[in-house]
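Coordinate inspection notes
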Amino acid sequence: TVLNLLRRSFELESEDRFQAFLAAWLALEVFVGKTFGRYEGLMLPDSSLNSTSKAARRYWGRIKEVMKDKYRFSDRFAAIAFQLDPDRADDDLATASQVKDLRDGIVHRGDRVEPRDLPLEATRRLARKYVLLHLAADRSD
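1. Considerations on the side chain of Asp85
With respect to the helices, strands and loops of the structure, Asp85 is situated in the loop between α4 (73-84) and α5 (89-109). By relative accessible area, Asp85 is classed as buried at 16%.

2. Description of the packing of aromatic side chains
Evaluated as defined, the whole model comprises four aromatic pairs. A ring pair is formed by Phe73 and Phe77, whose centres lie 6.1 Å apart and whose planes are at 25°; its orientation type is stacked. Residue Phe73 and its partner Phe77 are both found in helix α4; the two are separated by four residues, about one turn of the helix. Aromatic ring contacts, followed pair by pair, group Trp25, Phe73, Phe77 and Tyr130 into a single cluster. Across the ring face of Phe10, the terminal group of Arg124 is positioned such that the distance to the ring centre comes to 4.0 Å.

3. Section: the pattern of salt bridges
Summed over all chains, the structure comprises 14 salt bridges. One salt bridge connects Asp75 with Arg72, and the closest N-O pair in it is separated by 3.3 Å. The exposure class of Arg72 is exposed, given its relative accessible area of 57%. Here Arg109 and Asp111 are joined by a salt bridge, their closest N and O atoms 3.1 Å apart. On the basis of relative accessibility, which here comes to 58%, the residue Arg109 falls in the exposed class. Where salt bridges share partners, they join Glu13, Arg17, Glu121 and Arg124 into one cluster.

About the criteria used
- Residues numbered from 1 in each chain as written.
- Predicted model: local features only at pLDDT ≥ 70, side-chain atom pairs only at ≥ 80, totals over all residues.
- Heavy atoms only, no water.
- Helix = DSSP H or I, 4+ residues; strand = E, 2+ residues; numbered from the N terminus.
- Buried < 20%, exposed > 50% of the residue type's maximum accessible area, 1.4 Å probe, protein only.
- Phe/Tyr/Trp six-rings, centres within 6.5 Å; stacked < 30°, edge-to-face > 60°.
- Lys NZ or Arg CZ within 6 Å of the ring centre and 35° of its normal.
- Salt bridge = Lys/Arg side-chain N within 4 Å of Asp/Glu carboxyl O.

Right, dumping it as structure tokens:
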């Protein structure tokens, strides 16, 4: 789970900073994947899919259908961030995008990064922040 991955990140830090970074990244990635559907639904115009207008239902239904598997991590994170923390969303998106680019370089291109240079704290901060904001938003609904 997201919380187990985040906890694991803290446990691993003293042993293996790289593994701790990956656990923090996975916590953020899994969180975004699991919660995006809720925030995507909140982005649609009010009652667009329940509208009495066939045209509105058709349009927004098609947008949702077409985009279902097209959103990238940064798109999904942006949708969540601007709804949970609009004042910091741009900065958080920039950080999340930088972390993802670094992670992609390591995993897909074989880039070498010194463990001390990994953005472990920034990654954990984002994961923790948005989990807490999401939980607080759930309680207020």
